[in-house]
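Notes for the structure review
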Amino acid sequence: MKRMVILLGVLCLFLLQIGNTYAVFESDAMGESKVKTAKWVIRVNEGDLGKSQTFNIDNLAFIGNDLVKEGKFAPSTEGYFDIVIDPRGTEVSLVYTLSFDFSGIGNDMIRISDIRKLRGNELIRTGENSYTGIMEYNDILKGSNDYIRVSFEWINDDTNNSKDMESMLESKLGIPVLINVKQYLGEDIISYNG
């Protein structure tokens with residue numbers, strides 16, 4: 001009789017153990033799929049991206065032109081603006097997209113002539129005025145920043161003189177730039193073919 005009670009007790013413990021194991025697997029299978037990402041802090045030109053994802057390009061460095069007063073942007077001139085993306089303290093790989101909005105300047109002769117990282121992998125053009133870059137976690141650990149130079153040109157077109165005059169009277173260029181940053185998980189970046 002003692003054997004029967006001990007055997008029954010062992011059988012009960014065995015069944016409880018199987019039930020608990022099944023419950024663990026069942027709860028894992030039914031658990032939420034949301035995973036918290038590691039810490040990330042992105043600064044763009046010394047401003048915290050968490051507070052604002054849009055800024056204006058309104059101060060260009062101009063490339064000299066003998067026909068235009070120094071420090072002024074006018075037809076036949078070029079200028080550039082540097083963007084520094086600083087991911088210090090970030091613990092994941094990042095993908096970011098810079099999107100430039102030219103709709104507010106009212107002059108389609110002012111456009112991007114070149115955009116590139118000053119070192120590292122090139123940016124990928126992903127829209128008419130959108131460019132995407134990747135910052136790998138290993139580079140972030142080394143303290144690397146992305147330095148991006150955006151070059152603009154103002155094409156001199158005599159059929160556009162009235163719009164050129166309006167643009168020259170504006171005190172600042174004011175091109176909004178939207179920066180969208182997310183964790184990079186190895187997804188393909190699709191190039192724009194427009």
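Criteria and thresholds
Residues numbered from 1 in each chain as written. Predicted model: local features only at pLDDT ≥ 70, side-chain atom pairs only at ≥ 80, totals over all residues. Heavy atoms only, no water. Salt bridge = Lys/Arg side-chain N within 4 Å of Asp/Glu carboxyl O. Helix = DSSP H or I, 4+ residues; strand = E, 2+ residues; numbered from the N terminus. Buried < 20%, exposed > 50% of the residue type's maximum accessible area, 1.4 Å probe, protein only. Pairing = 2+ DSSP bridges. Axes fitted to C-alpha atoms, helices over the stretch in contact; angles between N-to-C directions. Phe/Tyr/Trp six-rings, centres within 6.5 Å; stacked < 30°, edge-to-face > 60°. Polar contact = N/O pair within 3.5 Å; in protein donor to acceptor, adjacent residues only side chain to side chain. Contact = heavy atoms within 4.5 Å. Core = buried A, V, L, I, M, F, W, Y, C linked by side-chain atoms within 4.5 Å. pLDDT = per-residue confidence, 0-100.

1. Quick look at the pattern of salt bridges
Close approach of charged atoms allows side chains of opposite charge to pair. In the structure shown here, the tally under the stated rule is four salt bridges. We note a salt bridge from Asp 82 to Arg 149, for which the minimum N-O separation is 2.7 Å. Here Arg 149 lies in strand β10 (residues 146-154) and Asp 82 lies in strand β5 (residues 78-86), a separation of 67 residues in the sequence. Residue classification places Asp 82 among the partly exposed positions, given a relative accessible area of 30%. The exposure class assigned to Arg 149 is partly exposed, which follows from its relative accessible area of 27%.

2. Considerations on the sheet that holds strand β3 (residues 54-57)
Strand pairing in a sheet relies on backbone hydrogen bonds. The paired strands run either parallel or antiparallel. In spatial order, the strands read β3-β11-β6-β9-β8; together these five strands make up an open sheet with antiparallel pairing. Strand pairing shows two members of the sheet lacking a second neighbour, β3 and β8 (124-127), which therefore form its edges. Here the strands of the sheet are splayed against their neighbours by 30 degrees on average, with no regard to which way each runs. Relative to strand β9 (residues 130-135), strand β6 (residues 94-100) runs antiparallel, the two sharing six bridges. For Val 95, the partnering residue across the bridge sits in β9 and is Ile 134.

3. Digging into the packing of aromatic side chains
Within the structure shown, the criterion is met by two aromatic pairs. Seen in terms of ring centroids, Phe 100 and Tyr 131 are 6.3 Å apart; in terms of plane orientation they differ by 70 degrees. Their pairing is edge-to-face. Taken together, the positions of Phe 100 in strand β6 and Tyr 131 in strand β9 put the pair 31 residues apart, joining distant regions of the chain. For Phe 100, a relative accessible area of 6% gives the class buried.

4. Examining the environment of Gly 127
Note that Gly 127 resides in strand β8. Residue classification places Gly 127 among the buried positions, given a relative accessible area of 10%. Distance in space between the C-alpha atoms of Gly 127 and Ser 99 is 8.1 Å, their sequence separation being 28 residues.

5. A few points about the side chain of Asp 146
Considering the arrangement of structural elements, one finds Asp 146 in strand β10. There is a polar contact of 3.0 Å between the side chain of Asp 146 and the side chain of Lys 117.

6. Overview of the environment of Asn 145
By the secondary structure assignment, Asn 145 is in the loop between α2 (137-141) and β10. The exposure class of Asn 145 is buried, given its relative accessible area of 18%. Taking the C-alpha atoms as reference points, Asn 145 and Arg 43, separated by 102 residues in sequence, lie 9.8 Å from one another. Once residues within four sequence positions are removed from consideration, Asn 145 is found in contact with Val 84, Ile 85, Asp 86, Pro 87, Arg 119 and Met 135. A polar contact is formed between the side chain of Asn 145 and the side chain of Tyr 147, at a distance of 3.5 Å.

7. Looking at the nonpolar core
In terms of nonpolar packing, the biggest core is built from 30 residues, with Leu 98, Phe 100, Ile 115, Ile 148 and Phe 152 touching the most fellow members. Elements supplying a minimum of two residues to this core: β5, β6, β7 (110-117), β9, β10 and β11 (175-183). Discounting chain neighbours no more than four positions away, the residues touching Ile 148 are Phe 81, Asp 82, Ile 83, Ile 85, Tyr 96, Leu 98, Ile 115, Arg 116, Lys 117 and Leu 123.

8. So, the environment of Phe 100
Taking the C-alpha atoms as reference, Phe 100 lies 10.0 Å from Phe 55; in sequence the two are 45 residues apart. Ignoring anything within four residues of it in the chain, the contact list for Phe 100 reads Ile 57, Ile 112, Ile 115, Asn 129, Tyr 131, Val 150, Ile 175, Pro 176 and Val 177.

9. With respect to the confidence of the model for the protein chain
The share of residues in the protein chain with pLDDT of 70 or more is 64%, and the mean pLDDT across the chain is 76. Within the protein chain, no element has a lower average pLDDT than helix α1 (residues 2-30), which sits at 53, and none a higher one than β8, at 96. pLDDT under 50 marks residues 21-37. Its contacts with residues more than four places away, or in other chains, come to one contact.

10. Some points on the side chain of Asp 86
Relative to the elements of secondary structure, Asp 86 occurs in strand β5. At a separation of 2.9 Å, a polar atom in the side chain of Asp 86 contacts the side chain of Arg 88.

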